[in-house]
Amino acid sequence: MHPYATTVRSVSPPPVRRTAALVALVVVLLLAFAASLALGSRWLGPGALWHALAANTGSDADVIVRNLRFPRTVVAVLIGLCLGIAGTLMQGHTRNALAEPGIFGVSSGAALAVVLGLQLGLVESVSSTVWVALLGALIATFGVQQLASRGTGATPVGLALTGAAVAAMLGALTSAIVLLDADTLDSYRFWAVGSVAGRGLDVAGQVLPFVVVGLLLAVVNARDLDMLALGDDVAAGLGLSIRRARLVGLGAIGLLTAAGVAACGPIGFLGLLSGHVARRIFGARNTWLIPAAGVIGATALVLADLVGRLVGGAGEVQAGVVLGIVGAPLFVLVVRRRAVAL
Amino acid sequence: MRSRTVVLSVLFAALAIVIALVSLSVGTTKLPLADVVEVLLGGGRRGTRLIVLELRLPRVATGLLVGIAFAVSGALLQTLSRNPLASPDIVGVNSGASAGAVAVIVLAGTGGGNISGFAAKVGIPLAALLGGLLATLIVGALSIQRGMVDAGRVVLIGVGIAAAANSLVAWLLVIGDVNDAGRAAAWLAGSLNSREWSDALPVLGAVVLLLPVAMMFNRDLSALVLGDDVASSLGVRVARIRLALLVIATVLAAMATAGAGPIAFVALVAPQVAQRLTRMERPPLVTAATLGALFVVLADLLARNGLQWAQIGPYELPVGVVTAACGAPYLLHLIGRQQKGR
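As a convention, each chain's residues are numbered from 1 in the sequence order in which they are written. Chains and ligands are labelled by the order in which they are written, letters from A for the one and numbers from 1 for the other. Per-residue local features are limited, in this predicted model, to residues with pLDDT of at least 70; the limit for side-chain atom pairs, both in listing and counting, is 80 or more; totals at the level of whole chains, interfaces and linings are taken over all residues. Side-chain measures here rest on the full set of heavy atoms in the structure, leaving out hydrogens and waters.

J.: Could you give an account of the overall build of chain A, with specific residues and numbers?
T.: Each helix corresponds to a stretch of at least 4 residues labelled H or I by DSSP, and each strand to a stretch of at least 2 residues labelled E; elements are numbered beginning at the N terminus. For chain A, the helix and strand inventory stands at 13 helices and zero strands. Reading chain A from its N end, one meets helices and strands in the order α-α-α-α-α-α-α-α-α-α-α-α-α. Taken over the C-alpha trace, chain A has a radius of gyration of 20 Å; the compact-globule value for 342 residues is 20 Å, and the two agree within 12%. Dimensions along the principal axes, computed over C-alpha positions, put chain A at roughly 65 × 55 × 35 Å. Each of the 342 residues in chain A was classed as buried or not, and the buried ones make up 56%. Two things to know: the radius of gyration comes from C-alpha atoms, and the globule rule equals 2.2 Å times the number of residues to the power 0.38. A 1.4 Å probe rolled over the protein chains alone gives each residue an accessible area, and that area as a share of the maximum for its type sets the label: buried under 20%, exposed over 50%, partly exposed in between.

The structure is reproduced here in structure tokens:
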């Protein structure tokens, strides 16, 4: 029995408590949203916020809230939702506690595709980046999963290392292209750090179709995942088409990751963090786990962006960096726990 | 040493010297091999002497030394952890050293893409050493279980710490001036472009001082391969020797990273190939060292001239692109073997 599969059988909390927990998570997200509008290099009180949202007269505070803080916070919510759900879906499908877009080499696949697109002049706007990033993300997801499951199937160690190996190779190719062209480097380095700063509502609008389709597929897939967790044979016996369930899952993961990478660049550890926190609170039922992980991911990205804005002073620390530094200890914690029996 | 090991070491050393001579003779100004040898023996015309001794020899010498340092570091770490995947690139030493060095390049940069004098000569190696040691310290402390360093955890935790260090590097690239970022990006790919004698010196110092020390532990290393219990019953003070060798391996990798950037996979591949070819139970230090030197000069020769030979353009690639392109498939192969072994 795979060690990670045992958690699937663990008992979920009763429905009333799960509902209460989900409501609490949404309230925390709303508080984080409000804090993200209020805090920054200039502190704005509730009155000023209300004025900006309800009675905009174009004052400085109104402009800051409406044009700067509100758009980036919306983008953070949307992309956090995507990456939290994508990571949790990956953990479910691979039955692997370490599965996460950042670790899977997916981001480096998307990065290589975006750099190639920039270099060849295929990519100019974010909407064209989405298609290119989607293609790169899907190829990398599929490739790493295939490579890691040769032989006995993907162990956590095998998966993490395969992801690292593929990321190293794709990273070398990316840097080769970037180094031959200073303009590409200049666009790439701002994209590669992973940030929601300066991303407007137009960006959110452009990735929205991908997000909507990805979320729909994820909702459909959540119930299938609960059956898959019983083992492929049992799931097939219950009338589930395993092939279709895997394909739907892969589609959801690819669309959600690509939307995230295209809009904000590679942001790591978000799926790992959301999946594990959600599992702690909600147990193993995917129909609860997946929406909860989305809310947690959104909250985490909004908070990471806010922290980066507050500690950076004049220059900001990008949300991707904050999550990288916060995420590594979490990764270590997961590795040290017995969930990843080595 | 057994005769097979001696023969292979001599063979690799001879090949490395031949490739180094070829590397000294080709380039924008092609020189006959005879002239190169004449210059090295103290003769030759002034123009030839300038090209060989001032422009090309520092680069080639840095390459040879860096190859030795990475390979010995990898051989030590792989023996200590009894894990072929535990090379400094995987367990976070190179990423930590990179973060330190990039911090100096970006923060001490003048904005012109150049840093010079004290900051470059002392600052980069020192920062790389501190970054590498810090990463080793964190990874080592976190992977201790019941008083012992757990071999499997070292690798996984190393991947996590490397991810955190890499997000720091991405942030440093963003806050820097574009020219400094370009210099750092070139360095990050693992490059021997325009090395001077001052780049080779710290690596030379580390190799000359530490390789003999490491050789003195040869008998203990052979005992450690048999397992800690057997080793201590043979009179090896396991904990103390492990710490000493860990420090030596870290200093070698950090100095090599300071000299030429985190050239990928040399530390992983050279010891493994040396072990296979010599049919020993652990990577032999001298054979690994000569093979590492051969890998790096060969990869640099290809990186420097490959695109011209293929008629693609007058560009030079960083050496790390070539080693990554060759090393990553080998790493995937190794992971596949480990997975099947389970």
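J.: Requested: an account of the state of the cysteines, with residues and values cited.
T.: When two cysteine sulfur atoms are found within 2.5 Å, that pair is recorded as a disulfide. Considering all chains together, one arrives at zero disulfides over all chains under this definition. Of all cysteine sulfurs in the structure, the one in cysteine 82 of chain A sits closest to cysteine 264 of chain A, which takes part in no disulfide; the separation is 9.2 Å.

J.: For the environment of glycine 132 of chain B, give the residues involved together with the corresponding values.
T.: Residues and elements named next belong to chain B. Structurally, the position occupied by glycine 132 is in helix α5 (residues 117-142). The buried category is assigned to glycine 132, whose relative accessible area is 0%. As for glycine 132 and phenylalanine 265, which are separated by 133 residues in sequence, their C-alpha atoms are 16 Å apart. With residues up to four places along the chain from it excluded, the contact list for glycine 132 reads Val93, Gly96, Ala97 and Thr250. The contact criterion used is simple: two residues touch if any of their non-hydrogen atoms lie within 4.5 Å.

J.: How would you explain the interface of chain B and chain A if you had to name every residue and give the values?
T.: Listed per partner, the contact involves 47 residues of chain B and 44 residues of chain A. A buried area of about 3,600 Å², summed over both sides, lies between chain B and chain A, and 76% of it is on carbon and sulfur atoms. The salt bridge definition used is simple: a Lys or Arg side-chain nitrogen within 4 Å of an Asp or Glu carboxyl oxygen. At the junction of chain B and chain A, the tally comes to zero salt bridges. As used in this structure description, the phrase polar contact means that two N or O atoms lie within 3.5 Å; if the pair is within protein, one of them must be able to donate a hydrogen and the other to accept it, and residues adjacent in sequence are counted only when both atoms belong to side chains. Here chain B and chain A share one residue pair in polar contact (both at pLDDT 80 or more) between them. Among the elements of the structure, α6 (151-175), α7 (178-188) and α14 (319-341) of chain B are those that each provide at least two residues to the side of chain B that touches chain A. By residue number, the principal contributor to the side of chain B that touches chain A is α6 of chain B, which donates 16 residues. Note: buried area is the sum, over both parts, of the accessible area (probe 1.4 Å) each one loses when the two are combined.

J.: An account of the confidence of the model for chain A is requested, with residue identities and associated values reported.
T.: Residues and elements named next belong to chain A. pLDDT expresses, on a scale from 0 to 100, how confident the predictor is about each individual residue. When pLDDT is averaged along chain A, the result is 81, and 90% of the positions lie at 70 or above. Mean pLDDT per element in chain A: helix α5 (residues 126-148) is the minimum at 75, and helix α12 (residues 286-312) is the maximum at 91. Note on residues 1-10: pLDDT under 50 across the span, and 18 contacts to partners over four residues away in sequence or across chains.

J.: I'd like a description of helix α12 (residues 266-278) of chain B, backed by residues and values.
T.: Residues and elements named next belong to chain B. Look at α12: 18 Å from first C-alpha to last across 13 residues, which is about the 18 Å you get at 1.5 Å a residue. The buried fraction of α12 amounts to ten of the 13 residues, a majority that puts the element mostly inside the structure. Listed in full, the buried residues belonging to α12 are Val266, Ala267, Leu268, Val269, Ala270, Pro271, Gln272, Ala274, Gln275 and Thr278. Downstream of α12 by one or two residues, arginine 279 has phi in the positive range, about 55°. Working rule for helices: expected span equals 1.5 Å times residues minus one.

J.: How would you summarise the packing of helix α1 (residues 15-38) of chain A against helix α3 (residues 60-94) of chain A if you had to cite specific residues and measurements?
T.: Residue and element names in this part refer to chain A. The axes are straight lines fitted to the C-alpha atoms, using for helices just the contacting stretch, and the angles between their N-to-C directions are given from 0 to 180°. It is at 9 Å that the axes of α1 and α3 come closest, and there the two elements cross at 150°. Between α1 and α3, the angle falls in the class roughly antiparallel. Here α1 runs over α3; the crossing is right-handed. Between α1 and α3, the contacting residues are Leu29, Phe33, Ser36, Leu37 and Ala38 on the first element and Val65, Arg69, Phe70, Thr73, Val74 and Val77 on the second. Ten residue types, Ala, Val, Leu, Ile, Met, Phe, Trp, Tyr, Cys and Pro, are classed as nonpolar, four, Asp, Glu, Lys and Arg, as charged, and the remainder, Gly among them, as polar. Residues of the contact of α1 with α3, tallied by class, amount to eight nonpolar, two polar and one charged. An angle below 35 degrees is read as roughly parallel, one above 145 as roughly antiparallel, one from 65 to 115 as roughly perpendicular, and any other as oblique. If you view the pair so one helix is near and one far, a crossing is left-handed when the near helix is turned anticlockwise from the far one by less than a right angle, and right-handed when it is turned clockwise.

J.: Describe the pattern of salt bridges, with residues and values.
T.: Residues and elements named next belong to chain A. For the structure shown, the criterion picks out six salt bridges over all chains. Aspartate 305 is paired through a salt bridge with arginine 72; the nearest N and O atoms lie 2.7 Å apart. Of this pair, aspartate 305 sits in helix α12 while arginine 72 sits in helix α3, and the two are 233 residues apart along the sequence. Judged by relative accessible area, which is 3%, aspartate 305 ranks as buried. Between arginine 309 and aspartate 305 there is a salt bridge, and its shortest N-O distance comes to 3.3 Å. Taken together, the residues arginine 309 and aspartate 305, both in helix α12 and four residues apart, mark about one turn of the helix. Take arginine 309: its relative accessible area is 9%, and that puts it in the buried class. Via salt bridges that share partners, Arg72, Asp305, Arg309 and Glu316 belong to a single interconnected network.

J.: Any details on the UniProt feature "transmembrane region" (unreviewed entry) in chain B? Residues and values, ideally.
T.: All names here are of chain B. Mapped onto this numbering, the UniProt entry gives "transmembrane region" (unreviewed entry) at residues 60-78, 90-110, 122-142, 154-174, 243-265, 285-303 and 315-336. Taken end to end, residues 154-174 is 100% helix and 0% strand, and its two terminal C-alpha atoms sit 30 Å from one another. For the annotated span residues 243-265, helix accounts for 78% and strand for 0% of the residues, and the straight-line distance between the end C-alpha atoms is 23 Å. UniProt positions are given in the numbering used here, feature names are shortened, and annotations may be inferred rather than shown by experiment.

J.: Give me the lowdown on the packing of aromatic side chains, citing residues and values where you can.
T.: All names here are of chain A. Two rings from Phe, Tyr or Trp (for Trp, the six-membered ring) form a pair when their centres sit within 6.5 Å of each other. Planes less than 30 degrees apart are called stacked, planes more than 60 degrees apart edge-to-face, and all others tilted. Under the criterion given, the structure shown has two aromatic pairs over all chains. Both rings, one in phenylalanine 282 and one in tryptophan 288, keep their centres 6.3 Å apart while their planes meet at 15°; by these two values the pair is stacked. Residue phenylalanine 282 shares its accessibility class with tryptophan 288, and that shared class is buried.

J.: Account for the nonpolar core, naming residues and giving values.
T.: Leu301 of chain A together with Leu76 and Leu245 of chain B are the most contacted members of the largest nonpolar core, which has 227 residues in total. Top contributing element to this core by residue count: helix α3 (residues 46-81) of chain B, with 15 residues. When sequence neighbours within four positions are dropped, the list of residues in contact with leucine 301 of chain A reads Ala76, Ile79, Gly80, Val196, Ile267, Leu270, Ala319 and Leu323 of chain A. Side-chain atoms within 4.5 Å link the members of a nonpolar core, which is a set of buried Ala, Val, Leu, Ile, Met, Phe, Trp, Tyr and Cys residues.

J.: Any details on the side chain of serine 36 of chain A? Residues and values, ideally.
T.: Residue and element names in this part refer to chain A. Looking at the element boundaries, serine 36 is found in helix α1. The class for serine 36 is buried, based on a relative accessible area of 1%. Residues in contact with serine 36, not counting those within four places in the same chain, are Arg69, Thr73, Val302, Leu306 and Arg309.

J.: Explain the environment of leucine 211 of chain B to me, using residue names and the numbers behind them.
T.: When you line up the elements, leucine 211 of chain B lands in helix α8 (residues 197-216). Once residues within four sequence positions are removed from consideration, leucine 211 of chain B is found in contact with Ile68, Val72 and Ala206 of chain B.

J.: An account of the packing of helix α4 (residues 93-107) of chain B against α7 of chain B is needed here, citing residue identities and associated values.
T.: All names here are of chain B. Running from N to C, α4 and α7 point in directions that differ by 155°, and their axes come no closer than 9 Å. Classified by the interaxial angle, the pair formed by α4 and α7 is roughly antiparallel. Of the two elements, α4 crosses α7, and the hand of that crossing is right-handed. When α4 is examined against α7, the residues Ala97, Ser98, Ala101, Val102, Ile105 and Val106 are found in contact with a partner set consisting of Asp180, Arg183, Ala184, Trp187 and Leu188.

J.: Residue-level account of the side chain of threonine 79 of chain B, with values.
T.: Residue and element names in this part refer to chain B. With respect to the element layout, threonine 79 can be found in helix α3. Here threonine 79 falls in the buried class, since its relative accessible area comes to 2%. Residue contacts for threonine 79: discarding those within four places in its chain leaves Leu221, Val225, Arg282 and Pro283.

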